[in-house]
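Chain by chain, the residues:
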Amino acid sequence: MIVVPLPLAGGARGGRDVRTGVRSVRANPSREREGSKIRRENMARIGFIGLGNMGGGMAANLAKKGHDVRAFDLSVDALDKAKAAGCLPVASAQDAADGAEAIVTMLPAGKHVAEVYDALFAVASPSVILIDCSTIDVATAKQVATAAQAKGLVAVDAPVSGGIGAANAGTLTFMVGGSAEAFDRAQAILADMGKAVIHAGANGAGQAAKICNNMILGATMIATCEAFVLAEKLGLDAQAFYDIASVSSGQSWSMTTYAPLPGIGPETPADHDYQGGFAAALMLKDLRLAMAAAKDTGADTPMGAKAAERYEAFAEAGQGGLDFSAIIRTL
């Protein structure tokens with residue numbers, strides 16, 4: 001049994017069109033029986049490693065779709081939740097991988113992914129597809145994919161966007177790095193955990209897309225918070241400002257979907273004292289990855305750097321467990 005630290009947080013199907021077609025002809029018994037057969041044939045044995053805040057919901061959705069999910073985590077509580085959700089808890093990562101047609105990992109950092117992959121290479125079936133949904137550095141994503149290829153295995157990096165709510169609801173967005181063939185194989189599995197599965201390019205491209213996307217998110221959330229605070233100091237009602245900005249040029253996801261004030265827009269962690277959602281510590285992790293990538297490539301990212309500084313100070317003040325929109329409290 002290998003020791004893998006617990007995840008801190010944290011996925012369109014070709015077959016889904018078939019399922020949609022079946023549902024549209026439910027009145028025809030013979031077609032419905034045919035559709036049931038197709039659904040059974042599309043099910044896979046999946047090893048799922050890492051059942052944290054994100055992975056737990058993702059594994060549950062795979063089980064809900066009918067897959068045979070063998071789940072592993074160091075946390076007994078996480079394993080109990082996975083069992084209640086229809087997964088089969090196993091004693092090690094190797095047990096999860098044994099006989100699996102697909103192996104999904106959701107781990108805290110690149111070093112954990114590399115450690116797990118080294119252990120899996122000895123037991124993974126030659127026909128398995130390795131799907132890493134962790135958010136890690138681009139270099140490690142490329143390295144583990146190359147190592148897998150040397151063992152005759154196929155791997156993709158498929159980090160996610162959407163947070164805990166989307167992981168539980170099965171509405172994540174997946175950014176996938178890998179060959180076209182690997183993407184086609186991974187797509188069917190990922191579609192059962194998300195609303196969008198997008199091929200970003202070669203191995204490592206999924207991670208590149210993720211850190212660039214979250215650099216935008218971190219910076220725009222801070223700007224959104226600053227705007228709400230300034231509006232208040234200028235005597236503007238928060239709801240009135242939201243009604244204007246949400247349909248004007250200041251509109252952003254941080255404004256209209258994830259407003260950082262309670263009672264404004266759709267329900268967000270701000271309505272629950274900033275509990276749940278996407279932890280500020282995880283935003284900081286992604287911003288650090290983005291800044292490391294910017295340094296390695298010589299990219300100039302002053303706004304991203306400033307966002308990283310603000311979240312660094314927020315986490316150091318003991319607020320890293322709050323949702324990242326709680327950064328408004330520093331203003």
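Computed from a predicted structure; not experimentally measured.

What about unusual backbone geometry?
- A positive phi is found at Asp273, a non-glycine position, where the angle reads about 55°.
- In this structure, Asp273 sits in the loop between helix H12 (253-256) and helix H13 (280-297).
- Although it is not a glycine, Tyr274 adopts a positive phi angle of roughly 65°.
- What makes Tyr274 buried here is its relative accessible area of 6%.

Description of the pattern of salt bridges
- Under the defined criterion, the tally for this structure stands at 8 salt bridges.
- Among the ionic pairs, Arg70 bridges to Asp68, the shortest N-O distance being 2.8 Å.
- Take Asp68: its relative accessible area is 30%, and that puts it in the partly exposed class.
- Between Arg329 and Asp273 there is a salt bridge, with its nearest N and O atoms 2.5 Å apart. Here Arg329, found in the segment after helix H14 (302-319), pairs with Asp273, found in the loop between H12 and H13; they are 56 residues apart in sequence, far enough to count as distant.
- Put simply, Arg45, Asp68 and Arg70 are held in one network by salt bridges that share partners.

So, the packing of aromatic side chains
- Scanning the model with the defined rule gives 5 aromatic pairs in all.
- Both rings, one in Phe228 and one in Phe241, keep their centres 5.3 Å apart while their planes meet at 90°; by these two values the pair is edge-to-face. Residue Phe228 is located in helix H10 (residues 205-233), and its partner Phe241 is located in helix H11 (residues 238-245); the two are separated by 13 residues in the primary sequence.
- Residue classification places Phe228 among the buried residues on the basis of a relative accessible area of 4%.
- Summarising the aromatic geometry, the rings of Phe278 and Phe324 are spaced 5.8 Å apart at their centres and angled 75° between planes, so their arrangement reads as edge-to-face. With a gap of 46 residues between them, Phe278 in the loop between H12 and H13 and Phe324 in the segment after H14 connect regions that are remote in the sequence.
- Accessibility expressed as a relative area gives 17% for Phe278, which makes it buried.

Parameters and conventions
- Residues numbered from 1 in each chain as written.
- Predicted model: local features only at pLDDT ≥ 70, side-chain atom pairs only at ≥ 80, totals over all residues.
- Heavy atoms only, no water.
- Helix = DSSP H or I, 4+ residues; strand = E, 2+ residues; numbered from the N terminus.
- Buried < 20%, exposed > 50% of the residue type's maximum accessible area, 1.4 Å probe, protein only.
- Salt bridge = Lys/Arg side-chain N within 4 Å of Asp/Glu carboxyl O.
- Phe/Tyr/Trp six-rings, centres within 6.5 Å; stacked < 30°, edge-to-face > 60°.

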